[in-house]
Every structure is written in structure tokens, then in C-alpha cells.
Amino acid sequence: MDPCPFVRLIVESLALKLPRPTKPAGAGVYPTATPCFCKLRLKNLNFPSQTALLPLSNGAADSPPESFTSAPGFHLDALTIRRVSGKPVTVCVEVYTGRMGVTCGVSSGKLVGSVQVTVDLGVSQTRPAVFQDGWMKVGNGLDKPTAKLHLMVRAEPDPRFVFQFGGEPECSPIVFQIQGNIRQPVFSCKFSADRSRSRSLPPNFSNKNRGWMRTLAGEKEKQGRERKGWMIMIYDLSGSPVAAASMITPFVPSPGTDRVSRSNPGAWLILSPHGFSVSSWKPWGRLEAWREKGPVDGLGYKFELVTENGPSNGIPIAESTMNVKKGGLFCIDKKVSRPTLTSLKSPVKGFVMGSTVEGEGKVSKPMVQVGIQHVTCMADAALFIALSAAIDLSMDACRLFSRKLRKELCHDKQDSSS
């Protein structure tokens, strides 16, 4: 099957130039140090607004800014593209002075003005296109100096393979590839929970790979105060294993609590077959998960993914925080405008994958998107399916230990809900 069309709308090279004051600034006032930010939205489209800091520029009139920032960007799927077919899309950028956030229920920023850029998505489905690159006046001040915003707005085709679990991962569902209204089965899953395994690994996992595993004090917790031995295997339609997610560090509560914490996270290995033997595996990535308090939405789940170099020397390529009740999106996405030392070391370029996760108490059938440049065969896609399953299962593994799990996740009656 062909991939689904997506368009990536990017807003970057953001910087602000404030008008010079007509009178000398008073003592302790530094106009060039005023904190500024912007809010971005797509007019007439139901996308959440985005916020980005704005560094101030003091350069010559039309020279590029000395420093800049970027917004997360917007990802438009096939349904949105069809909805706006033949119509221009308008990017609206509102500029504020002051600090981001809300104080006592009131926005802390003061609106300076806004700019708008029109985007033609029809062009961007087939080739990259730049719609704005340079300085724009903020507002319509005719009789006084105005601020100027520097930005680049561009769009590029970003086709992706889309998959969806036919049920919750712990129920060993079929995984479908989605294109429009067509659903085609491509993988099957097999979940198991074996408490007798201190670490859950496929057969014949090479000893040289055990540097990925670390023994934590929490592993000594008594039975019933740990969640361990979980594993999910991914099979192709012929029944051959093509990927696996294996819980190698048990999820245990921190001392004196009933919560998995950052100091003692649970961990999974994402595994791919190695060589011609169906029982030989190698690590592709390591996923750690724990539960923590967030600054806005209260309790949340935190995830961190490390590449195959190992937990000590590996390169973190993605992290995400999700609200306990609302769930969220785990995304591997690196958009780098100008290379930095960190970006040069990272193996990730562009959109890699995104996986939806539901909050506690909700039926979860993860939807997975994978960038086509990261899939040369279906076995490549299977690794992201295994990762998505591990993320979803971690939401259950991180649940408070004062709460019971559903029977599919449990080893014995004392852990399951009635």
C-alpha cells in the first residue's frame, strides 16, 4: 500500500526587532532585554495554537537576525488537506512583549501586533515551497516606528505510513495499515506476562547485549509490588517474528510511595531480529518510563528513548510527557534549521514517528505514523509498532500500585481487577 499524504508546515527563524525609543530609557530600563514571545495559529483550522520565544535583534535594517528560534510546526494530514483543497491557508503570528504564561488567570503578555502569511498547500504536496523569508512589519503603525518580525514560513511534503492497533496491545491484537477508508492487516501481536522471568527477553538474547540492562534496588521488592516480565512480540502475516518489546527493568514503586519515579524508572528494550535465526535478537532502542508531577496538568507520565548505543553512551532521541487522564502523543521529530553540535550527533533527522496514547481508564488502540524515509521494508515499521506498544503498556505499568490492573496484564489474581 502507498503512504498517506501529509504536509509539514514549518515556521522558523523567528526573531523580533523593537522600535528604538524616542526618549532615553530611564534608570533600570533596558528595552533590548524585554522578554518577548509569539503565538501561532492557523486561521479557520482546528489546530491548537503554538507559542515560541522571540530573541531580540539589534542588527542593521534588513540583515538576518543574530539569533532565532523555531516553532514546533503544524502537521496536516490527508483529511485536512482535502478539506482545504483549492483554498489558501493563513498562518497568523501574534507578537507579545512580557513573559509567557498566565498570572492570576490573566495573560502576562501585552499584544504588540500580528502578521499573516498565506500558504498554498496544493503546491506543497509535491515539492517544498517557501512562502515568507525575511522581516515583516508588526501592526499598521503609519505615524510611528513599528516592530519587525523575522520569520521563515515554508511547507514540504511529508508522506507517512499510518498504522492502527485493532485493540489494546495487552489483548494481542491485529495491527492494520490505514489509507483513507482502507484497512489492511499487516502485523499480529502476542502479549505475555511471565513473572518467573526476572527480566523478559526473547530466547537466545546475546550476552554481549546485557550492558543494556541494569539492576535496580527496586527489583528486590516483594512479589505484588513490582510489574515485570511483560513482553509483546510482533509478527508479520507469515507468522515470522519481526520485532519485540521486552520489559527488562521492572516497574516498582519508590520507597515509601506507590509510584514509579524518575530515580527508579522501568525500562523496555525494543528488539529486532539479528541474522537468519528467528531466535537471535539485537537491541534497537531502550525506552524508560516513570510517573511525575507536571507544572500545569498535575500528574503525568514521562518517557525517554535512547538509541542502540546503550543507556550510558547512547544518544537520547526523544522524550515526552503525557497527562495521566488525557494521554497524549509520543513523537520522534527533529527539525534542525542550522546544525548544532547536538544535532550533528543525533541520528534523527526530520519526522520519524508519532504514536497516540489514551489516558487512564480509556480504551487504547494506538495510532502510529511513520515517516516513509525510515521504512525500507515492513520489518522497519514493525520496530515502531513494538515501540508504540511499549509506550502504551507503560501507561499501565506506571499506574499507582494502590490500584489494580486489568486481568490481561496480571500474573496472578491478587494483581487483577475483578
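Residues numbered from 1 in each chain as written. Predicted model: local features only at pLDDT ≥ 70, side-chain atom pairs only at ≥ 80, totals over all residues. Heavy atoms only, no water.

Visitor: Looking at this structure, how should I read the nonpolar core?
Guide: If you look at the biggest cluster of nonpolar residues, it comprises 55 residues, and the most contacted ones within it are Phe163, Phe187, Ile234 and Phe330. With 13 residues, helix α4 (residues 378-397) is the largest single contributor of residues to this core. Once you skip the residues sitting within four places of it in the chain, Phe330 turns out to touch Phe303, Leu305, Ala318, Ser320, Met322, Met353, Gly354, Ser355, Leu387 and Ile391. Core analysis: the second largest hydrophobic core is formed by 33 residues, Leu9, Phe74, Val93 and Val153 among them. (Core = buried A, V, L, I, M, F, W, Y, C linked by side-chain atoms within 4.5 Å. Buried < 20%, exposed > 50% of the residue type's maximum accessible area, 1.4 Å probe, protein only. Helix = DSSP H or I, 4+ residues; strand = E, 2+ residues; numbered from the N terminus. Contact = heavy atoms within 4.5 Å.)

Visitor: Just checking my understanding: could you explain the sheet that holds strand β2 (residues 36-42) for this structure?
Guide: The strands that make up a sheet are held in pairs by hydrogen bonds between backbone atoms, and each pair lies either parallel or antiparallel. Pairing is antiparallel across the open sheet formed by four strands, whose spatial order is β3-β2-β5-β8. A strand with exactly one partner marks an edge of an open sheet, and here the two such strands are β3 (50-53) and β8 (110-119). Within this sheet the neighbouring strands show an average axis-to-axis angle of 20°, counted without direction. Judged from the seven bridges that link them, β2 and strand β5 (residues 89-97) form a sheet pairing that is antiparallel. Residue Leu40 lies in a different strand from β5, and its bridge partner there is Val93. (Pairing = 2+ DSSP bridges. Axes fitted to C-alpha atoms, helices over the stretch in contact; angles between N-to-C directions.)

Visitor: Looking at this structure, how should I read the packing of aromatic side chains?
Guide: Ring pairs (aromatic) are described by centroid distance and by the angle formed between their planes. Counted according to the given criterion, the structure contains six aromatic pairs. On the numbers, 6.1 Å between centres and 85° between planes, the contact of Phe47 with Phe74 is edge-to-face. Taken together, the positions of Phe47 in the loop between β2 and β3 and Phe74 in strand β4 (residues 74-76) put the pair 27 residues apart, joining distant regions of the chain. Exposure remark for Phe47: the relative accessible area of 22% places this residue in the partly exposed category. With centroids separated by 5.5 Å and ring planes inclined at 85°, the aromatic side chains of Trp284 and Phe384 adopt a geometry described as edge-to-face. With Trp284 in strand β17 (residues 281-294) and Phe384 in helix α4, this residue pair connects regions lying 100 residues apart in the sequence. Lying across the ring of Trp290, Arg262 places its NZ or CZ 4.3 Å from the centre. (Phe/Tyr/Trp six-rings, centres within 6.5 Å; stacked < 30°, edge-to-face > 60°. Lys NZ or Arg CZ within 6 Å of the ring centre and 35° of its normal.)

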